[in-house]
Amino acid sequence: METSALAARFQDEERNKSRKQSIKESRWALAWCLYSFFICIMWGFDGLAGSIIISIATFREHFGNLYRGQYVVDANWQLGWLAASLGGMVLGGWAAGLSIDRVGRRPVLLAAYLISIGGIFGQFFAETPAEFLAGKLLTGIPLGIFTTVAPTYASEMAPLNIRGSVTAGMNFAIVLGQLIGYGVMRQASLYPDDRQFRVVIAAQWGFVGAALVVLPFFPESPYWLVAHGLENKARQTLEKLYDRDHDVEGHLAAIRGSLFKDVRDGRSQGRITECFDKDNLKRTLVGSGMFLVQNASGAIWVIGYMSYFLQLAGMSASQSFDATVGLCGMMVVGNVFGWFCVDWFGRRATALWGALVLSLALLLIGILAMVSAPGILWGVVGMMAVWSFVYQATLGAAAWPITTENATSRLRVPTQAVATMTNGLSSAACAMFLPYAINPDQGNLGGRIAFIFGGALVVGAVFIFLMVPETKGRTYTEIDELWSRGVPPRKFKGMALITASTEPSSLR
C-alpha cells in the first residue's frame, strides 16, 4: 500500500500512543466532538417523547378518544406523528448530505436550530392532532441533520486508537436524551393538567438555546477544509485543537492521502449519487444496513412504546414510568460498556454477538408474554432490562463507527446521509404497523410482537457475518485499500498490509 512518508510516520505514531496520551493530546478536539453529540441529545429526547408521550393520560384525553373506559389515541394519528417525524428525519439527512459539502457544518447546524425552534413551537401550542403533526414534521428535519453531522465529525476528529469509542459516543447522547426525557416526563406527570405533556415538549427549547450559544465557536473539520482547498485554515485548526507537539504536517498528509486517493472530476468531496456506484455500493450497504439491523432488533418497540405497552398490560402509570426510567438507566450503563466493546472486541464482533444475544432475549420476551401468571409482567420487564443493556453495548454503539469508517473520506457525509435516510425509512416502516399491532383495539399482540423482531434480527445477524468488516485499528487509507482489493469483509481482520512510502526516505 502506497502512502506519503509524512502520513506513514504520523499513522505509526498514532498507533503507538496509549489511550490516555491520545485523550490528553486531543482534548480540545474531543471537546468539540462532545458538542456535536450534545445536539443529538435532542434526537433521543424528541424520539422518545414523540412515542412515549401517548402514555401520558392528559395527552390521550387531549388528542384521543374514549374506548372501553379509557382514552386511546387513534392508531392513524400515532402513525401519522411517527411518520411525520421520521419523514422529516429522512428529509434532513438528504438536505445535510447535499449542503454540508457546499457550505460546511456550521451554517447547516444554524439552519437546523432555527427549524427546530419552530417545530417545538408548533408542538407546544398544538390543539389538534393535525397541528401536532405539523410540529413533528418540522422537528424531524433537524434530527436528520444532527445525526448526519455528529458521527461524521467525530470520526474525523478523533485519534485512531479511540476513534471507535468516540464515534460510539453518538449513541450515548441519544440514550442520555431518552433518560432525560423519561425524567422530565416523570416529574411533569405530577401536574394535574395538560402541562403533563407541554412541559416535556418545551424542555427541548433548552437544548437549542444552549447549542446556539456555542455554535459561533464551532471549528470546521480539517477534512472539509482540506477538501475545499483551505489547507492553511485546516493547519490553523489543527494547531488550535491539539497540543504543540502534535504532528500537524503529518496529520495533514494523512488527510490528503485519504481524501485524494480516489478523486473524481477534480472533486475531493463526493455526491450522494456516488454512494451507489459500483465501487461504493457495498460500503454504502454496510453503513445503511446496520441501521436496518438496529430497527429489526425491536428498538422502536422497546424504547418508544415501553411505558405504553406496560400500561396496556396492566401496570399503573407511575409504575410504568419508574420501570422505563430504570430500563433507560440500564441503557446508559450498557452504552458505556459499548465504548470499550467496539475497541476491545472490534466493531464486527460486537455487532455480531450482540445480534445473536438480542435474538435470544426477544424470543424469551415473546414466550413470557404468552404466559398468564401473577408477576409474569415483571419477568417481561426483567428481560427488557437485559435487552436494553445488551442492545446499547453492542448494536446501538457499533453501528455508528461501522458506518463512518467504511465510507471513503470523500463520501463519509453522503454515506452517513444515506444511512440517516435508511434509518428514518425503516423506522417509519416499523411505525406503520406498531400501533396497529399492539393497540388493544387493533392487533392486540402485546409482548408477542417480540417473536417478529427476533426472527428479523436473525436475518440481521447473517447480514453482519457476511457483509460487515473489522475496521478496528485501521486507518482510513488502509480501509480504502482493503475494499479496493476486493478482500471479503469477514477477512479484513487477518489481512496484513505493508506500507510503501511514495517519497524519499529522507523525509522520514
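Residues numbered from 1 in each chain as written. Predicted model: local features only at pLDDT ≥ 70, side-chain atom pairs only at ≥ 80, totals over all residues. Heavy atoms only, no water.

## Some points on the overall build of the chain
Thinking step 1. In terms of regular secondary structure, the chain is built from 24 helices and 4 strands.
Thinking step 2. Expressed as a percentage of its 508 residues, the buried residues of the chain come to 59%.
Thinking step 3. Taking the intrachain contacts of the chain between residues at least 6 apart in sequence as the baseline, contacts between residues at least 24 apart amount to 81%. (Helix = DSSP H or I, 4+ residues; strand = E, 2+ residues; numbered from the N terminus. Buried < 20%, exposed > 50% of the residue type's maximum accessible area, 1.4 Å probe, protein only. Contact = heavy atoms within 4.5 Å.)

## What about helix α8 (residues 129–157)?
Thinking step 1. The terminal C-alpha atoms of α8, which comprises 29 residues, lie 42 Å apart, in line with the 42 Å expected from a rise of 1.5 Å per residue.
Thinking step 2. Counting buried positions along α8 yields 23 of 29 residues, so the element is predominantly enclosed. (Expected span 1.5 Å × (residues − 1).)

## Brief notes about the pattern of salt bridges
Thinking step 1. For the structure shown, the criterion picks out 23 salt bridges.
Thinking step 2. One salt bridge in this structure joins R15 and E478, with 2.5 Å as the shortest N-O distance. Within this pair, whereas R15 is found in helix α1 (residues 5–16), its partner E478 is found in helix α24 (residues 476–484), the two being separated by 463 residues in sequence.
Thinking step 3. The class of R15 is partly exposed, set by a relative accessible area of 34%.
Thinking step 4. One salt bridge in this structure joins R198 and D194, with 3.2 Å as the shortest N-O distance.
Thinking step 5. R198 gets classed as buried once you look at its relative accessible area, which sits at 8%.
Thinking step 6. Judged by relative accessible area, D194 falls into the partly exposed class, the value being 28%.
Thinking step 7. Each of the salt bridges in this network shares a partner with another, and the network as a whole consists of R19, R163, D343, R347 and E405. (Salt bridge = Lys/Arg side-chain N within 4 Å of Asp/Glu carboxyl O.)

## Comments concerning the nonpolar core
Nonpolar side chains in soluble globular proteins tend to be buried together.
Thinking step 1. The biggest cluster of nonpolar side chains holds 123 residues, and the ones touching the most others in it are F59, Y113, F146, W301, L395 and I464.
Thinking step 2. By residue number, the principal contributor to this core is α8, which donates 10 residues.
Thinking step 3. Beyond its immediate sequence surroundings of up to four residues, F146 is in contact with I39, C40, M42, L109, A112, Y113 and P151. (Core = buried A, V, L, I, M, F, W, Y, C linked by side-chain atoms within 4.5 Å.)

## Let's talk about the packing of helix α13 (residues 231–241) against helix α14 (residues 248–259)
Thinking step 1. One way to put it is that α13 packs onto α14 with a least axis distance of 10 Å and a crossing angle of 130°. Our classification of the angle between α13 and α14 gives oblique. For the crossing formed where α13 meets α14, the hand is right-handed. Residues E231, A234, R235, L238 and E239 of α13 pack against V248, E249, H251, L252 and R256 of α14.
Thinking step 2. When grouped by side-chain class, the residues that make up the contact of α13 with α14 number 4 nonpolar, 1 polar and 5 charged. (Axes fitted to C-alpha atoms, helices over the stretch in contact; angles between N-to-C directions. Parallel < 35°, antiparallel > 145°, perpendicular 65-115°, else oblique. Left-handed = near helix turned anticlockwise from the far one by under 90°. Nonpolar A, V, L, I, M, F, W, Y, C, P; charged D, E, K, R; others polar.)

## Things to note about the packing of aromatic side chains
Thinking step 1. Scanning all chains against the criterion turns up 26 aromatic pairs.
Thinking step 2. Between the aromatic rings of F63 and F132, the centroid separation amounts to 5.6 Å while the plane-to-plane angle is 45°, which identifies the pairing as tilted. Of this pair, F63 sits in helix α5 (residues 57–63) while F132 sits in helix α8, and the two are 69 residues apart along the sequence.
Thinking step 3. Residue F63 is classed as buried on the basis of its relative accessible area, which comes to 6%.
Thinking step 4. F132 sits in the buried class, given a relative accessible area of 1%.
Thinking step 5. Counting every residue linked through ring pairs, the aromatic cluster contains F59, F63, W77, W81, F132 and F197.
Thinking step 6. Between the NZ or CZ atom of R163 and the centre of the ring of Y476, over which it lies, the distance is 4.5 Å. (Phe/Tyr/Trp six-rings, centres within 6.5 Å; stacked < 30°, edge-to-face > 60°. Lys NZ or Arg CZ within 6 Å of the ring centre and 35° of its normal.)

## Re the environment of V90
Thinking step 1. As for its placement among the helices and strands, V90 is situated in helix α6 (residues 75–103).
Thinking step 2. Those residues in contact with V90, other than ones at most four positions away along the chain, are M421, G424 and L425.

## What about a nonpolar patch on the surface?
Thinking step 1. On the surface, L360, L363, L364, I367, M370, V371 and F451 cluster together to form a nonpolar patch covering roughly 600 Å² of accessible area.
Thinking step 2. It is helix α19 (residues 347–369) that contributes the most residues to the nonpolar patch, 4 residues altogether.
Thinking step 3. Its place among the elements puts F451 in helix α23 (residues 450–467). (Patch = residues over 30% accessible without salt bridge, like charges linked within 9 Å, V, L, I, M, F, W, Y side chains within 5 Å. Areas by Shrake-Rupley, 256 points an atom, 1.4 Å probe, with all protein chains shown as cover.)

## Some thoughts on the side chain of S409
Thinking step 1. Looking at the secondary structure, you find S409 in the loop between α21 (395–406) and α22 (412–438).
Thinking step 2. Separated by 3.1 Å, the side chains of S409 and R412 make a polar contact. (Polar contact = N/O pair within 3.5 Å; in protein donor to acceptor, adjacent residues only side chain to side chain.)

## Some details on the packing of helix α15 (residues 281–296) against α23
Thinking step 1. It is the contact of α15 with α23, at a shortest axis distance of 9 Å, that shows an interaxial angle of 155°. Considered as vectors, α15 and α23 are oriented roughly antiparallel to each other. Crossing angle aside, the handedness with which α15 passes α23 is left-handed. Along the contact surface, α15 presents K282, L285, V286, G289, M290, V293, N295 and A296, while α23 presents F453, A456, L457, G460, F463, I464 and M467.
Thinking step 2. Residue classes in the contact of α15 with α23 are distributed as 11 nonpolar, 3 polar and 1 charged.

## Details of the confidence of the model for the chain
Thinking step 1. When pLDDT is averaged along the chain, the result is 84, and 88% of the positions lie at 70 or above.
Thinking step 2. Note on residues 504–508: pLDDT under 50 across the span, and 5 contacts to partners over four residues away in sequence or across chains. (pLDDT = per-residue confidence, 0-100.)

## Quick word on the environment of G183
Thinking step 1. Mapping G183 onto the fold places it in helix α9 (residues 163–188).
Thinking step 2. A relative accessible area of 29% places G183 in the partly exposed class.

## Quick look at the side chain of S155
Thinking step 1. Positionally, S155 belongs in helix α8.
Thinking step 2. Accessibility expressed as a relative area gives 1% for S155, which makes it buried.
Thinking step 3. When neighbours within four sequence positions are excluded, S155 is seen to be in contact with R163, T167, T404, R412 and Y476.

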